[in-house]
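Survey of secondary and tertiary structure
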Amino acid sequence: MSNLLLLQVLNGAQFGILLFLVAAGLTLVFGIMDFINLAHGVLYMVGAYLMASLSMLTGSFWWGLLLTLPATMLVGLVLEVAIFRRLYDRPHLDQVLATFALVMILSEGVKIIWGAAPLNVSMPNLLSGSIPLAGPIRFPVYRLAIIAAGLATAFGLWFVIGRTRIGMLLRAGAHDRAMVSALGVDIGRLFMLVFAFGAMLAGFAGAMVSPILSVDPGMGDQILILGFVVIVIGGVGSIRGAFVASLLVGIIDTVGRIFGPIVLKMVLELDAATQAGRTVAPMLVYILMAAILCWRPNGLFGRTSA
Amino acid sequence: MMSRRGMAALIIFALLAVTPPVLIFMGQGFFASVVTRMMIYAIAALSLDLILGYGALVSFGHAAFLGIGAYAVLMLNSLGVTDIAAQFGAAAVAAAVFAAITGTIALRTRGVYFIMITLAFGQMLYFFLISLSVFGGDDGASLPARSTIMGQGWLDHDLALFYLVLGILALCFLGLTRLTMSRFGRVLIGTREDALRMQAIGFRILPYQLTAYVISAMICSVAGVLLANQLEYVSPQLASWQRSGELIIMVVLGGIGSLTGAMTGALFTIGLEEGMARISEHWKLYFGLLLLAVVLFSPGGLATLAARITGKGRPE
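Residues numbered from 1 in each chain as written. Chains lettered and ligands numbered in written order. Predicted model: local features only at pLDDT ≥ 70, side-chain atom pairs only at ≥ 80, totals over all residues.

**A short note on the overall build of chain B**
Across its full length, chain B holds twelve helices and two strands. Counting from the amino terminus, chain B carries its helices and strands in the arrangement α-α-α-α-α-β-α-α-α-β-α-α-α-α. Over its C-alpha trace chain B gives a radius of gyration of 19 Å, about what one expects of a compact globule, namely 20 Å for 316 residues. Seen along its three principal axes, the alpha-carbon backbone of chain B occupies a region of about 55 × 45 × 40 Å. With 316 residues in all, chain B has 48% of them scored as buried. Here the analysis covers contacts within chain B between residues at least 6 apart in sequence; of these, 76% occur between residues at least 24 apart. (Helix = DSSP H or I, 4+ residues; strand = E, 2+ residues; numbered from the N terminus. Rg over C-alpha atoms; globule rule 2.2 N^0.38 Å. Buried ≥ 20, exposed ≤ 12 C-beta atoms within 10 Å, placed from the backbone. Contact = placed C-beta atoms within 7 Å.)

Put into structure tokens, the structure is as follows:
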């Protein structure tokens, strides 16, 4: 039982790390540009599709991954220059509508190019084994690699934002856009950079997840909405908040789905427990979000005056 | 003296009322069911406009209430309750409870937070519906029969359903018109224009916003009950976040904060979708492009666009 719990916690951490890669871009764009981007989940999906094509084309997972990163960054850049730039000063409602339109366009575009059937990406040999965890239970190396890659990215973000000049400008921009602009910083270029980088992170997450999930046109929706939950819990604009909340959401969601029914079975009849567990488990993260909002309306790490 | 918008609404209702006989005369009676669906979405769009247009609350989880209404029909049906009045009642109560709980939490926040939280709560309900394996889970389930009125199966006739929907749409339109012009409506509009000022002159705005949210949810659940009857099929897709997005599109395309606009927007949007779906399998691509163009180049929706083209300035 405790071995199973450990396994599920690790699975949850892996899911949480992926969520973090998506949420990090979202929360930066929110915090710094006050821009709500519903198309962020689609970038994750585009990353997975590009990965599927590029790794097939080059015949190598690694080349595929290496090419997917600049490709998704480019997609992000094009979207920023062509569309998002015009929306920064618009009301949130306009941003919601325009990016929702983009979700429709890109999801349908993906279906036209790659078809609606799910694609598979093969795992590299180097990472395809599994290591013993505890007792008879083993854990796939690939999932460990995702966790490691995510942790490295989180560390990199922490370093860039906390310790470099660009990071300083970002923090200043999040605090007072007009002032940073008045001090002679090209805020437009800064925004472009943040956007492209956020797109690349989402694409990276999509590429990393493609060997363990099937790549399909709906994959961006679920991660987008969980990304919102993460941001609400963690606090808009806070990378640290996004990191903690991602892990929390990932672990609670994964463990809840497996252990919810098991725990309920101890108190309820068998059939009732199975149904109740199946009903409550997917709702857990949303209930968590509601509870945290009641306690701290600005999220765990949010600024107090939002 | 009737306003131009009131006049426009009257014309729309008159046109809708004569639609079925005209369509049947033309041998296109099938389209009456499409128009029924358009009107049902118009009810949903009207309900959303109350909070979105008059209260400036961008709710991205409104499809949840459509889902609640539709599942109320399915659930009561499985218990043998087929009377539509009972179904309306149950749907409205369930929607009111869900709206009161989620609204209380969501209204603690503003702006982007509110959008994300309503979206999350909508998704929560969506997953709840998916988990109901008794009612078909992911796939949903078809209704064994349409609802009854006082024990009679009148609604089995598409025409009867058409005029019932038309009647309810007219009732909602009139009711919401009166509500938005009442003191309550004026306070709501005040919070939209400047929440801080409303508080400064002594209003506690939360009860007003929450009441509007709950009323809006109840009306939308009525649309859900009707939608289940029209489709004779209920699935979690009715409550998906894309559906919530579509409802917002309807309100905005029609011109936000105008009940006639929201209604027209819904009729237009569903009509356009139906038309495009007949022409191309990939209609969502074209619909998305159109929407993007409208948002980028004509903020204020089609009403402003039409006004600009006819050179009459912003209609008011």
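Following the structure, the description resumes.
**Brief notes about helix 1 (residues 2-33) of chain A**
In this model helix 1 of chain A runs 44 Å from its N-terminal to its C-terminal C-alpha over 32 residues, within 8% of the 46 Å that 1.5 Å per residue would give. At Ala-23 of chain A, helix 1 of chain A shows its maximal bend, which comes to roughly 30 degrees. (Expected span 1.5 Å × (residues − 1). Bend = angle between axes of the 7 residues up to and from the residue.)

**Things to note about the nonpolar core**
Of all hydrophobic cores here, the largest spans 199 residues; its most connected members are Val-229 of chain A together with Ala-45 and Ala-120 of chain B. Val-229 of chain A has contacts with Val-249, Val-285, Tyr-286 and Met-289 of chain A together with Ala-120 of chain B, leaving out every residue within four places of it along the chain. (Core = buried A, V, L, I, M, F, W, Y, C linked by C-beta atoms within 7 Å.)

**Considering the confidence of the model for chain B**
Counting all residues, the mean pLDDT for chain B is 89, and 95% of those residues have values of 70 or more. Mean pLDDT across the secondary structure elements of chain B bottoms out at helix 12 (residues 301-310) of chain B, with 68, and peaks at helix 8 (residues 205-231) of chain B, with 96. (pLDDT = per-residue confidence, 0-100.)

**Focus: the packing of helix 3 (residues 61-82) of chain A against helix 8 (residues 187-209) of chain A**
Residue and element names in this part refer to chain A. As a packed pair, helix 3 and helix 8 sit with axes 7 Å apart at the nearest point and diverge in direction by 140 degrees. In this view, helix 3 runs oblique relative to helix 8, as classed from their interaxial angle. Where helix 3 crosses over helix 8, the handedness of that crossing is right-handed. Taken together, the residues of helix 8 that come into contact with helix 3 (itself represented by Leu-65, Thr-68, Leu-69, Thr-72, Met-73, Val-75, Gly-76, Leu-77 and Glu-80) are Met-192, Phe-195, Ala-196, Gly-198, Ala-199, Met-200, Gly-203, Phe-204 and Ala-207. (Axes fitted to C-alpha atoms, helices over the stretch in contact; angles between N-to-C directions. Parallel < 35°, antiparallel > 145°, perpendicular 65-115°, else oblique. Left-handed = near helix turned anticlockwise from the far one by under 90°.)

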